[in-house]
Amino acid sequence: MTIIDSMLSFNEKFVEGKEYEPLQTSKFPDKKIVILTCMDTRLVELLPRALNLKNGDAKIIKNAGAMVTDPYDSIMRSIIVALYALKADEVAVIGHYGCGMTGLTSDDIFSQAESRGADTSRLQEAAYAGVDLDKWMHGFTDVEENVRNSAGIIRNHPLLPADTPVHGLAISPETGELTVIEKAAASS
């Protein structure tokens, strides 16, 4: 049985047993916050528990490294949608120490892709189309600086609602302890 087959089998029983009922909520975040964080597996349960978040409390967006790399990428689009269409009022970027994006280079990924049989010769098409492949697949050297950069892109976006607090934090993936990197002042 494949992993997806076992998930589908579990899901069938989950729905039949109505185990979803205690988790039902609306599409609007009760705590009116949108959080950008990393996709690291250690944060799946740890981050919500460390922040006292329950199902329905927050819009949580995840990607590799909790990175906003372009003010018009899909991460920024999701943040803008959460703020305007889904009634969030505040933004937090939460990176974590020991992130896999720390020190990652495009060469690391591209060489691994080749070793697993990917046709990297087609990447020349992307480069020809103007994609900066090194920037696209590059990580960062310092998690706190990455959080500052991502929070800065959000804070300076022309579509960010006026007076939207944008915070930057880092979490320990071992203990859940938060380090405040940037905390927006309370609005009056």
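- As recorded in an unreviewed UniProt entry, the chain goes by carbonic anhydrase and comes from Salibacterium lacus.
- The record in UniProt for the chain states the following under Sequence similarities (unreviewed entry): "Belongs to the beta-class carbonic anhydrase family."
- Listed under Cofactor (unreviewed entry) in UniProt, the entry text for the chain is "Zn(2+)".

### A short note on the nonpolar core
At step 1: Grouped together as the largest cluster of nonpolar side chains are 21 residues, with contacts concentrated most on V34, L36, I79, L83, V91 and I154.
At step 2: Of all the secondary-structure elements, those providing two or more residues to this core are β1 (33-38), α3 (74-84), β3 (90-96), α7 (143-155) and β4 (166-171).
At step 3: A total of six residues in this core trace back to one element, the largest contributor, which is α3.
At step 4: Ignoring sequence-local partners within four residues, the contact set of V91 consists of I33, V34, I79, L83, I154, T164, P165, V166 and H167.
At step 5: C38, A58, L104 and L169 belong to the second largest nonpolar core, which has 17 residues in total.

### A look at α3
At step 1: Burial in α3 covers these residues: I75, M76, I79, I80, A82 and L83. Looking straight down α3, one finds that the buried residues subtend no more than 160° of arc, so they occupy a single side. The exposed residues of α3 that point more than 90 degrees off its buried face are R77 and Y84.
At step 2: Residues of α3 that are buried in the fold lie against β1, β2 (58-63), β3 and α7.
At step 3: At the N-terminal end of α3, a side-chain oxygen is found 3.2 Å from the backbone nitrogen of I75, two or three residues along, and the residue is D73.

So, how was this worked out
- Residues numbered from 1 in each chain as written.
- Predicted model: local features only at pLDDT ≥ 70, side-chain atom pairs only at ≥ 80, totals over all residues.
- Heavy atoms only, no water.
- UniProt positions renumbered as here; feature names shortened; annotations may be inferred.
- Core = buried A, V, L, I, M, F, W, Y, C linked by side-chain atoms within 4.5 Å.
- Buried < 20%, exposed > 50% of the residue type's maximum accessible area, 1.4 Å probe, protein only.
- Helix = DSSP H or I, 4+ residues; strand = E, 2+ residues; numbered from the N terminus.
- Contact = heavy atoms within 4.5 Å.
- Arc of directions from axis to C-beta.
- Polar contact = N/O pair within 3.5 Å; in protein donor to acceptor, adjacent residues only side chain to side chain.

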